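Notes for the structure review
So you can see what is in the structure, the chains are spelled out below.
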Amino acid sequence: LLTPDSRFDRWLRGDAHAITEVERAGFALFRGIGCAACHQGVNVGGNLFEKVGIFVTIPNKAAEVLRVPSLRNVAVTAPYFDDGGVATLPEAVRLMAWVQLGRELTASQTGAIVAFLGTLTGSYAGRPLMA
Ligand code: HEC
């Protein structure tokens, strides 16, 4: 599945105006706190298997190893996680930070990361993807 030309891709190619300041701050946070240790590479994930619940055990999911999903188009592919149990992206981001990194994000940090993830939405067959 090829969904090229997200705003993030355009920014990486040198279009400085393709993403906003908040989105850039979200990207810095995404790298800085360690999301990118698992969600990495050209698909921002999809190339590792990792435990879910590293810092905080999730009931019924202790030590379960799952494929780290690509976060491309994640803003338009709710609901989240392998069981579709989380309805919104801010909640998915907040939970990830807590269970995988042991971090409690503020609302503005969560918002910045969600804004960054929104820049990963690409086009399919020439049409921008939408929820
Ligand atoms: C230790 C590895 C690891 C780290 C660190 C990590 N993730 Fe994840 N992430 C995963 C795995 C594995 C899943 C799949 C979980 C599931 O489906 O139950 C996942 C799922 C997700 C999802 C849901 C995607 C979907 O389509 O359902 C989002 C969003 C996400 N991660 C964002 C983040 C963000 C933001 C951070 C940093 C705050 C982060 N992740 C840190 C491994 C990690």
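My aim in this report is to walk through the structure given alongside it, one point at a time.

Our next topic: the overall build of the protein. Within the protein one finds 5 helices and 4 strands. Taken from the N to the C terminus, the helices and strands of the protein come in the order α-α-α-β-β-α-α-β-β. Relative to its length of 131 residues, the protein is compact, with a C-alpha radius of gyration of 14 Å against a globular reference of 14 Å. Each principal axis of the C-alpha distribution contributes one length, and for the protein these read about 40 × 30 × 25 Å. Per-residue burial for the protein yields a buried fraction of 34% across its 131 residues. In the protein, the proportion of contacts linking residues at least 24 apart, taken out of those at least 6 apart, comes to 54%. Surface summary for the protein: the accessible area is close to 7,700 Å², and the carbon and sulfur share equals 59%.

Another aspect to go through is the coordination of the iron atom of the ligand. Expected angles at a metal are 109.5 degrees for tetrahedral coordination by four donors and either 90 or 180 degrees for octahedral coordination by six donors. Coordination sphere of the iron atom of the ligand, protein contribution only: His39 (NE2) and Met96 (SD), at 2.1 to 2.2 Å. Each of the 6 donor atoms around the iron atom of the ligand contributes to a set of angles spanning 88 to 180°, which defines the coordination as octahedral. With His39 in the loop between α3 (35–38) and β1 (49–52) and Met96 in helix α4 (residues 89–101), this pair connects stretches of sequence that are 57 residues apart. For Met96, a relative accessible area of 25% puts it in the partly exposed group.

Around the ligand sit 26 residues in total, of which Cys35, Cys38, His39, Asp82 and Met96 are the nearest. Between the ligand and Phe81 there is a distance of 2.7 Å, counted from an oxygen atom to a backbone nitrogen or oxygen. Taken together, the elements giving at least two residues each to the shell around the ligand come down to α3, β1, β2 (64–67) and α4. Broken down by element, the shell around the ligand gets its largest block of residues, 6 residues, from α4. Of the residues assigned to the shell around the ligand, the class counts are 19 nonpolar, 3 polar and 4 charged.

Cut-off values and rules
Residues numbered from 1 in each chain as written. Predicted model: local features only at pLDDT ≥ 70, side-chain atom pairs only at ≥ 80, totals over all residues. Heavy atoms only, no water. Helix = DSSP H or I, 4+ residues; strand = E, 2+ residues; numbered from the N terminus. Rg over C-alpha atoms; globule rule 2.2 N^0.38 Å. Buried < 20%, exposed > 50% of the residue type's maximum accessible area, 1.4 Å probe, protein only. Contact = heavy atoms within 4.5 Å. Areas by Shrake-Rupley, 256 points an atom, 1.4 Å probe, with all protein chains shown as cover. Donors = N, O, S within 2.8 Å, 3.2 Å for Na, K, Ca; no water. Tetrahedral: all angles 85-135°; square planar, octahedral: opposite > 155°, others 65-115°. Near = heavy atom within 4 Å. Polar contact = N/O pair within 3.5 Å; in protein donor to acceptor, adjacent residues only side chain to side chain. Nonpolar A, V, L, I, M, F, W, Y, C, P; charged D, E, K, R; others polar.

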